[in-house]
Amino acid sequence: MTGDAPVAVAVVNSQFEAELIAGLLQSNGLDAAVSADDAGGQEPQLQLQGVRVLVSPADAVAARQILADAQGEQLDSQETIHHER
């Protein structure tokens, strides 16, 4: 990331989910990192404010668009499954 302070584009409940989101952003060419206040994974109960996915301020708009598109695709696929039943 650049010299600017990173910004959170997602806050989720688990390290696993945050890693998946960061991987999605990275696969789309963005530099993303995961941040949690959990003593390096040793104290997950300390994640009181969730696990954050961080990007540089310059990538924040693109990251949020990628996440919105991914969520829209997930909702579309769920609707298709419900209509097929």
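Residue positions are given per chain, counting from 1 as you read along its sequence in written order. With pLDDT at 70 or above as the cut-off, local features in this predicted model cover only qualifying residues; side-chain atom pairs require 80 or more to be listed or tallied, and sums for whole chains, interfaces and linings still use all residues. Side-chain measures were taken over the full set of non-hydrogen atoms in the model, leaving aside hydrogen atoms and water.

1. Here's the deal with the overall build of the protein chain
Here is step 1 of the chain: In this description a helix means any DSSP run of H or I spanning at least four residues, a strand means any run of E spanning at least two, and both kinds are numbered starting from the N terminus. Check the secondary structure of the protein chain and you find 2 helices and 3 strands.
Here is step 2 of the chain: The order of α-helices and β-strands along the protein chain, N terminus first, is β-α-β-β-α.
Here is step 3 of the chain: To sort residues, take the accessible area from a 1.4 Å probe on protein chains only and compare it with the maximum for the residue type: under 20% means buried, over 50% means exposed, and anything in between is partly exposed. Evaluated residue by residue, the protein chain yields a buried proportion of 26% over its 85 residues.
Here is step 4 of the chain: Two residues qualify as a contact provided that any one of their heavy atoms is within 4.5 Å of a heavy atom in the partner residue. In the protein chain, 65% of the contacts between residues at least 6 apart in sequence involve partners at least 24 apart.
Here is step 5 of the chain: Of the roughly 5700 Å² of accessible surface on the protein chain, a fraction of 51% belongs to carbon and sulfur atoms. Accessible surface is estimated by sampling points in the Shrake-Rupley manner with a 1.4 Å probe; for residues, cover comes only from the protein chains shown.

2. As for the environment of Gly23
Here is step 1 of the chain: Looking at the secondary structure, you find Gly23 in helix α1 (residues 15–27).
Here is step 2 of the chain: Overall, the relative accessible area of 28% leaves Gly23 in the partly exposed class.

3. Digging into the side chain of Arg52
Here is step 1 of the chain: Mapped onto the elements, Arg52 comes out in strand β3 (residues 51–55).
Here is step 2 of the chain: Ignoring any residue separated from it by four or fewer positions in sequence, one finds Arg52 in contact with Ala8, Ala10, Val11, Ala33, Val34, Ser35 and Asp37.

4. Here's the deal with the sheet that holds β3
Here is step 1 of the chain: Two strands are said to pair when DSSP picks up at least two bridges between them. Spatial strand order, β1-β3-β2: 3 strands in an open sheet with antiparallel pairing. Both outer strands of the open sheet, β1 (7–12) and β2 (32–35), are each paired with one neighbouring strand and no more. Between one strand and the next, the sheet's axes are offset by a mean angle of 25°, whatever the strand orientation.
Here is step 2 of the chain: Pairing of β1 with β3 involves 5 bridges; the strand directions are antiparallel. Across the sheet, residue Val7 finds its bridge partner in β3, namely Val55. Note on geometry: axes are C-alpha line fits, over the in-contact stretch for helices, and angles between N-to-C directions span 0 to 180 degrees.

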